[in-house]
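One-letter residues, chain by chain:
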Amino acid sequence: MDLIGWFGAVAELEGGLVEEGDGDRLSVLFPDHLQRRLQVGEMESFGMEERDSDVGRLLHDQNPVIAGMGAILAEKGRFATAKLPGKPPLLRTPEAFLERHLTAQNFIYRYRDQQIEPVRYLIVPFLLGAVSDMKTERIVTIILNETTRTVPLGMENDLMAALPQALSSSATSAAADPAPSADAGATETLSLMKEMVRRQAMQLFPEFLRSAERRMLRDLERLQEYYGAIAREIETGAKKRLGGDGEREKAAGRLEAARLEYEKKIQDVRDKYAVEIQAEPLGALRLRTAAVMFHIQMQRRKQVLQIKLPINPLNGRLEALPCASCHTPVLNGCLCDGMHFLCTACHPNCPVCRGQRRGNSV
Ligand SMILES: [Zn+2]
Ligand SMILES: [Zn+2]
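Residues numbered from 1 in each chain as written. Chains lettered and ligands numbered in written order. Predicted model: local features only at pLDDT ≥ 70, side-chain atom pairs only at ≥ 80, totals over all residues. Heavy atoms only, no water.

(A) Examining the pattern of salt bridges more closely. This model, assessed by the stated rule, comprises 15 salt bridges. Note that Lys135 and Glu137 form a salt bridge whose closest N and O atoms lie 3.5 Å from each other. A salt bridge links Glu195 to Arg199, with the shortest nitrogen-to-oxygen separation between them at 3.2 Å. Note that Glu195 and Arg199 are positioned in helix 6 (residues 186–204) at a spacing of 4 residues, about one turn of the helix. Look at Glu195 and you get partly exposed, because its relative accessible area is 27%. Here the salt bridges share partners, and the residues they tie into one network are Arg120, Glu146 and Arg286. (Salt bridge = Lys/Arg side-chain N within 4 Å of Asp/Glu carboxyl O. Helix = DSSP H or I, 4+ residues; strand = E, 2+ residues; numbered from the N terminus. Buried < 20%, exposed > 50% of the residue type's maximum accessible area, 1.4 Å probe, protein only.)

Printed below as a string of structure tokens:
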């Protein structure tokens, strides 16, 4: 039986309503408990991505970015470049716009000017998995502005609307770019994106993480009860026999052996439920376009920092700066004494500076 057919049969056994669609596609109406367990919506459509045997796994066709990218990736391989023509207009009141959208907690900034500049985005859908004694997976798309290393917020839907145009106009410029992994600095970009998606796992799999923790605590409790009972038994046994030094020594030896075994079992339980987060890129799309670029000067005490913040050409929003430590994209941040841009959660004890100090002192 093929994988899709098998999946359908299992879904049906579990109470799902399965309908065969075009080709080998399956539409499944999931009951409540399966929606929660599989982290899927009520109605999902599944199909083997036969055009990309490299991926060769179940993909959620309803993830709009994946669906839109599918056509481009299928035509051009797992890595493709698309170009979005057009020139966004400059802002009439850039200072007021900036003031509304960028908040400086402990520094000041000054708008310098705005220009239309070429930018490129890297769009990577990741298969994000959390693995312990069980496993859960979902697809999360990360978009990064490679030119400025900023993060466009809420760009996915606008990207979907723009993809058809990008696809038709990119037919000639396709594959002019090297793959991200062959590109200077791109390995770093990809690992930054990987780090971002891994951080999201904490919010994306709350039930999974909680349940792993719950089961771990339950197992630890049982271990404690079990070895507590053994220890009591050894002690009362030794008292009853009222033996000499030899008996007491034997009891102490047995207690010590039980304690060592208990410690080993605790470690086994911790290993069993330790959650490993895996993030695997399924493909990559590079989008070239032009954006309005704000040139901004940030100042803290005597130090200054020049940065560029683009206005996303697809949705008109100011792009966010990733926190230097946890990579959360924010437009409300702080600067440390080492001039690292930080989210408010990572300030004031800058983890990047702390890491550097530790590195230097070794
Ligand atoms: Zn942070
Ligand atoms: Zn710092």
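Next comes the rest of the account.
(B) Just helix 4 (residues 94–101), in detail. Three or more residues of helix 4 are buried, namely Pro94, Phe97 and Leu98. Buried residues of helix 4 fall within an arc of 95° about the axis and therefore sit on the same side. Away from its buried face, by an angle of more than 90 degrees, helix 4 presents the exposed residues Glu95, Glu99 and Arg100. Lining the buried residues of helix 4 we find strand 7 (108–131), strand 10 (284–300) and strand 11 (303–311). (Arc of directions from axis to C-beta. Contact = heavy atoms within 4.5 Å.)

(C) Quick peek at the coordination of the zinc ion (ligand 1). The zinc ion (ligand 1) binds to the protein through Cys323 (SG), Cys326 (SG), Cys343 (SG) and Cys346 (SG), with metal-donor distances spanning 2.3 Å. Considering all 4 donor atoms around the zinc ion (ligand 1), the spread of angles at the metal, 106 to 116°, places the coordination shape in the tetrahedral class. All donors of the zinc ion (ligand 1) come from a single chain, and their spacing in sequence reads C-x2-C-x16-C-x2-C. Residue Cys326 is found in the loop between strand 12 (321–322) and strand 13 (329–330), and its partner Cys346 is found in the loop between strand 15 (341–343) and helix 9 (351–361); the two are separated by 20 residues along the sequence. Assigned by exposure class, Cys326 and Cys346 land together as buried. (Donors = N, O, S within 2.8 Å, 3.2 Å for Na, K, Ca; no water. Tetrahedral: all angles 85-135°; square planar, octahedral: opposite > 155°, others 65-115°.)

(D) Summary view of the coordination of the zinc ion (ligand 2). Each protein donor to the zinc ion (ligand 2) is listed here as Cys336 (SG), His340 (ND1), Cys350 (SG) and Cys353 (SG); together their distances run 2.0 to 2.3 Å. Bound by 4 donor atoms, the zinc ion (ligand 2) shows angles of 103 to 115° at the metal and therefore tetrahedral coordination geometry. Counting along the primary sequence, the residues that act as donors to the zinc ion (ligand 2) give the motif C-x3-H-x9-C-x2-C. Of this pair, His340 sits in the loop between strand 14 (332–335) and strand 15 while Cys353 sits in helix 9; the two residues are 13 residues apart in sequence, bridging distant segments of the chain. The same class applies to His340 and to Cys353, which are both buried.

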